[in-house]
Amino acid sequence: MPKGQHYGRTQTRAYTTEYYRIHANFLKPLLTKPLGSYCINSEFLADGHKKLYLEESNMGIRYVTFSINDNLHQIALKLDNRSASNKLYITCPYCQKQRQHLYAIKTAYVCRKCIGLHYPSQSERSNERLIRRIRKLRIQLWGYDWPDVNNMFKNVRYWPKPKWMRWKTFEQKRNKITELENRYWPMAVVQIKTTFNEYFMTDSKK
Ligand SMILES: [Zn+2]
């Protein structure tokens, strides 16, 4: 079995009221990769959300296609050449608007605006609650001044122990935060630790 293919993993899909998001930059390496099939190596995504096909239009615009519940989802990768940073945008398969993030909900990838149309807004509220909880617990441990205290793309795994706190207490509190983060931003965790090749691979079955 090729590295990173976790067949039979369903445990992480149990959180039915939560969804995960992909940042446009996460797909940036696909601008220069050979066209073809790829698989995002994340145990937090369902099969349909992992497997993608990379193509290029005659206009030279690259796009990826996911097949989710037998519906094709096309997402264009659009570089903003006007900005010095060459920011990448990805298009929402539903409204076609250029976005920085798309969310993996049960039956689709959609932008934040479209979530309400395809998913109960209840889940959005529960996600916001989760974020608020994570921030609150982080601030209790590291204070408002810690540089990444509000940055949900960072995980707390390597953040230092406050001098005044006992190790055991610290570890308990930190593990609680880690547990919440793992439910919320698994894609972010992937981005931090990774090089491209660890998280995308050529789909060997194609
Ligand atoms: Zn949309």
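Since we're looking at a predicted model, the values are computed, not measured. (Residues numbered from 1 in each chain as written. Predicted model: local features only at pLDDT ≥ 70, side-chain atom pairs only at ≥ 80, totals over all residues. Heavy atoms only, no water.)

Asker: Give me the lowdown on the pattern of salt bridges, citing residues and values where you can.
Answerer: Applying the stated criterion across every chain yields a total of 4 salt bridges. A salt bridge links K51 to D47, with the nearest nitrogen and oxygen atoms 4.0 Å apart. What makes K51 partly exposed here is its relative accessible area of 24%. Notably, a salt bridge pairs K176 with E179, separated by 3.8 Å at the nearest N-O pair. Remark: E179 and K176 occur in helix α4 (residues 167-184); sequence separation between them is 3 residues, near one turn of the helix. (Salt bridge = Lys/Arg side-chain N within 4 Å of Asp/Glu carboxyl O. Buried < 20%, exposed > 50% of the residue type's maximum accessible area, 1.4 Å probe, protein only. Helix = DSSP H or I, 4+ residues; strand = E, 2+ residues; numbered from the N terminus.)

Asker: An account of the side chain of T65 is requested, with residue identities and associated values reported.
Answerer: Structurally, the position occupied by T65 is in strand β4 (residues 62-68). Assessed through its relative accessible area of 11%, T65 is described here as buried. Not counting residues within four places of it along the chain, the set of residues in contact with T65 comprises K51, L52, Y53, E55, L72, H73 and Q74. (Contact = heavy atoms within 4.5 Å.)

Asker: Let's hear about the environment of S67: which residues, and what values?
Answerer: The residue S67 is located in strand β4 in this model. We classify S67 as partly exposed; its relative accessible area is 39%. Between the C-alpha atoms of S67 and K51, which are 16 residues apart in sequence, the distance is 7.6 Å. Leave out the neighbours within four places in its chain, and S67 touches G48, K51 and L72.

Asker: Let's hear about the pairing of strand β8 (residues 101-105): which residues, and what values?
Answerer: Of all 5 residues that make up β8, 4 are buried, and the element is covered over most of its length. For strand β1 (residues 20-23) and β8, the ladder comprises 4 bridges, and the chain directions are antiparallel. Each bridged residue has a counterpart across the sheet, and for R21 the counterpart in β8 is Y103. Sheet analysis places β8 next to strand β9 (residues 108-110), joined by 3 bridges and oriented antiparallel. Residue pairing for β9: Y103 is matched across the bridge by V110. (Pairing = 2+ DSSP bridges.)

Asker: Please set out the sheet that holds β8 residue by residue, giving values where relevant.
Answerer: An order of β1-β8-β9 is seen for the 3 strands of this open sheet, with the pairing classed as antiparallel. Looking at the sheet topology across the chains shown, the edges are occupied by β1 and β9. When strand polarity is set aside, the average angle formed by the axes of neighbouring strands in this sheet is 30°. (Axes fitted to C-alpha atoms, helices over the stretch in contact; angles between N-to-C directions.)

Asker: Now, about the nonpolar core: what can you tell me, with residues and values included?
Answerer: Among the nonpolar cores identified, the biggest contains 28 residues, and L30, I40, L52, V64, F66, L77 and Y109 are the most heavily contacted of them. Those elements that provide at least two residues to this core are β2 (36-40), β3 (51-56), β4, β5 (71-79), β6 (88-91), β8, β9 and α2 (112-118). Top contributing element to this core by residue count: β8, with 4 residues. Membership of the second largest hydrophobic core comes to 13 residues, among which are I134, V156, M165 and Y184. (Core = buried A, V, L, I, M, F, W, Y, C linked by side-chain atoms within 4.5 Å.)

Asker: Describe the packing of aromatic side chains, and please don't skip the residues or the numbers.
Answerer: In the structure shown here, the tally under the stated rule is 5 aromatic pairs. Judged by centre distance (5.0 Å) and plane angle (80°), the rings of W142 and W159 are edge-to-face. Taken together, the residues W142 in helix α3 (residues 121-142) and W159 in the loop between α3 and α4 connect sequence positions 17 residues apart. In this structure, W142 and W159 share a single accessibility class: buried. Each member of the aromatic cluster is reached from another via a ring pair, and the members are W142, W146, W159, W167 and F170. In this structure, K161 is placed above the aromatic ring of W167, and the distance from its NZ or CZ to the ring centre is 5.5 Å. (Phe/Tyr/Trp six-rings, centres within 6.5 Å; stacked < 30°, edge-to-face > 60°. Lys NZ or Arg CZ within 6 Å of the ring centre and 35° of its normal.)

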